[in-house]
Amino acid sequence: MNYKLYKVTALMEMGDDPPVIFTFDLPAPDEKGVNGFLGKMNTIRKVISVEETDKPTSEVYEDNSDGGTF
């Protein structure tokens with residue numbers, strides 16, 4: 001089965017902490033499959049967007065920090 005990669009932005013709520021909007025990639029055969037996965041995630045309160053995306057060119061993350069303070 002061929003899987004596509006989807007970028008999902010959703011509102012997540014966990015207990016007493018304030019809700020958080022986050023973005024993550026999710027592999028699925030189609031958007032209907034994405035909805036099936038998301039339906040099983042109890043902490044997701046609202047899906048903001050689902051977009052098909054390209055696979056990352058590399059699995060290696062580079063450190064882009066400059067060592068500064070916030």
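Source: prediction; values computed, not measured.

Novice: I'd like a rundown of the packing of aromatic side chains, residues and numbers included.
Specialist: In this structure the tally under the stated criterion is 1 aromatic pair. Look at Phe 22 and Phe 24: their rings are 5.1 Å apart centre to centre, the planes differ by 15 degrees, and that puts the pair in the stacked class.

Novice: If you had to explain helix 1 (residues 31-39) to someone new, which residues and values would you point to?
Specialist: Looking at helix 1, one finds that the buried residues are Gly 33, Val 34 and Leu 38. Projection of helix 1 onto a plane perpendicular to its axis shows the buried side chains occupying an angular sector of 135 degrees, all on one side. In helix 1, the exposed positions angled more than 90 degrees off the buried face are occupied by Lys 32, Asn 35 and Gly 39. Taken together, the buried residues of helix 1 touch strand 1 (4-12), strand 2 (20-28) and strand 3 (44-53). Put simply, Asp 30 is the residue that caps the front of helix 1, since its side-chain oxygen is 3.2 Å from the backbone nitrogen of Lys 32.

Novice: Can you break down the pattern of salt bridges residue by residue, with the values?
Specialist: This structure, assessed with the given rule, holds 2 salt bridges. In this structure, Asp 25 and Lys 7 form a salt bridge, with 3.2 Å as the shortest nitrogen-oxygen distance. Here the residue Asp 25 occupies a position in strand 2, and Lys 7 occupies one in strand 1, the gap between them amounting to 18 residues. Look at Asp 25 and you get partly exposed, because its relative accessible area is 38%. Here Glu 13 and Arg 45 are joined by a salt bridge, their closest N and O atoms 3.1 Å apart.

Criteria and thresholds
Residues numbered from 1 in each chain as written. Predicted model: local features only at pLDDT ≥ 70, side-chain atom pairs only at ≥ 80, totals over all residues. Heavy atoms only, no water. Phe/Tyr/Trp six-rings, centres within 6.5 Å; stacked < 30°, edge-to-face > 60°. Buried < 20%, exposed > 50% of the residue type's maximum accessible area, 1.4 Å probe, protein only. Helix = DSSP H or I, 4+ residues; strand = E, 2+ residues; numbered from the N terminus. Arc of directions from axis to C-beta. Contact = heavy atoms within 4.5 Å. Polar contact = N/O pair within 3.5 Å; in protein donor to acceptor, adjacent residues only side chain to side chain. Salt bridge = Lys/Arg side-chain N within 4 Å of Asp/Glu carboxyl O.

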